[in-house]
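Residue-level structure breakdown
Listed here are the chains, written in short residue letters.
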Amino acid sequence: DKMAKSLDPFLSRSDNPALGLRAIRLSLKEPHLLRTQFRAVLRAGFFGPVRVLLPMVTTAAEVEEARRIFRECYAALQKEKVPVPSQLPPLGTMIEIPAAALSADSLAAVSDFFALGTNDLIQYTVAIDRGNDQVAALYNPLNPAVLRLMEFSIQAGLRAGIPVSICGEMAADPKYTPLLLGLGIREMSMGCASLPRLKQRIRSLTIEQCNLHTQEVMDQYDPARVIQIVNAF
């Protein structure tokens, strides 16, 4: 949904672009595009810390293939005497598809970090287009199925000892902060305008409170009841 016009020659029309050739699928189908991006990131990484996040991943094989290309680009730049970081920057996986969440253990084994993309994860899990006014009301971040996928992914990352962050609208909403902390999230990505509210919210909480709140939420099966608990906290 955010394709650059320069990619038009590589894309055919799709009736459902959200399920089509995009993100890591496009990158691995047209690896010369990926190599250009990797080389640019590595060159920038000489001047400051960078991380690479792979979007729309579904299998560990996709991460492994991307890492192989990443290493090749790193070696090529070194051979060309181009300044690059002293070590290969971290390569992480975006968890935004149910298949990725359900196979999070295998993805954690080949990833340096996880980032939960809640906007797409919710959309793909509940089959709701949040841009469609007719069904947007059904787009619910507190759907128990979504929360269980998030919990499974976070626990897989923590077991593997890799950082797990969250981005999307959930990360920027103080209403969800206690739940996310209780699930194990310690890194949240958001627009800078949301930072003061989130900082204030976090400073008003204890981890013990968050853990108890999250346990109560995760014991529910009724989305309406989950919303009640979160709103009442």
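Refer to the preceding data block for the structure.
Residues numbered from 1 in each chain as written. Predicted model: local features only at pLDDT ≥ 70, side-chain atom pairs only at ≥ 80, totals over all residues. Heavy atoms only, no water.

1. Structural notes on the nonpolar core
- In this structure, Phe 38, Leu 54, Leu 107, Phe 114, Leu 147, Met 150 and Val 217 are the most contacted members of the largest nonpolar core, which totals 52 residues.
- Counting residues per element, this core draws most heavily on helix 3 (residues 60–79), which supplies eight residues.
- In this structure, Leu 107 is in contact with Val 57, Thr 59, Ala 60, Val 63, Thr 93, Ile 95, Ala 100 and Phe 114, ignoring residues within four places of it in sequence. (Core = buried A, V, L, I, M, F, W, Y, C linked by side-chain atoms within 4.5 Å. Buried < 20%, exposed > 50% of the residue type's maximum accessible area, 1.4 Å probe, protein only. Helix = DSSP H or I, 4+ residues; strand = E, 2+ residues; numbered from the N terminus. Contact = heavy atoms within 4.5 Å.)

2. Structural notes on the environment of Ser 111
- Here Ser 111 is to be found in the loop between helix 5 (104–108) and strand 3 (114–117).
- Judged by its relative accessible area of 5%, Ser 111 falls in the buried class.
- Here the alpha-carbon distance between Ser 111 and Ser 165, two residues 54 residues apart in the chain, equals 13 Å.
- Not counting residues up to four positions away in its chain, the partners in contact with Ser 111 are Val 63, Arg 67, Leu 91, Thr 93 and Ile 162.
- At 2.7 Å, the side chain of Ser 111 forms a polar contact with the side chain of Thr 93. (Polar contact = N/O pair within 3.5 Å; in protein donor to acceptor, adjacent residues only side chain to side chain.)

3. What to know about the packing of aromatic side chains
- Enumeration over the complete set of coordinates arrives at two aromatic pairs.
- The interplanar angle of 45° and the centroid separation of 4.6 Å between the aromatic rings of Phe 38 and Phe 70 together place this pair among those described as tilted. Of this pair, Phe 38 sits in helix 2 (residues 31–44) while Phe 70 sits in helix 3; the two residues are 32 residues apart in sequence, bridging distant segments of the chain.
- Assessed through its relative accessible area of 0%, Phe 70 is described here as buried. (Phe/Tyr/Trp six-rings, centres within 6.5 Å; stacked < 30°, edge-to-face > 60°.)

4. As for the state of the cysteines
- For the structure shown, the criterion picks out zero disulfides.
- Of all cysteine sulfurs, the one in Cys 192 lies closest to Cys 167, which takes part in no disulfide; the gap is 16 Å. (Disulfide = S-S within 2.5 Å.)

5. Brief notes about the packing of helix 2 against helix 3
- Following both chains from N to C, one finds helix 2 and helix 3 inclined at 55°, their axes separated by 9 Å at the closest point. Relative to helix 3, the element helix 2 lies oblique. Here the hand of the crossing between helix 2 and helix 3 comes out right-handed. Across the interface between the two elements, Pro 31, Leu 34, Arg 35, Phe 38, Arg 39, Leu 42 and Arg 43 from helix 2 touch Ala 66, Ile 69, Phe 70, Glu 72, Cys 73, Tyr 74, Ala 76 and Leu 77 from helix 3. (Axes fitted to C-alpha atoms, helices over the stretch in contact; angles between N-to-C directions. Parallel < 35°, antiparallel > 145°, perpendicular 65-115°, else oblique. Left-handed = near helix turned anticlockwise from the far one by under 90°.)

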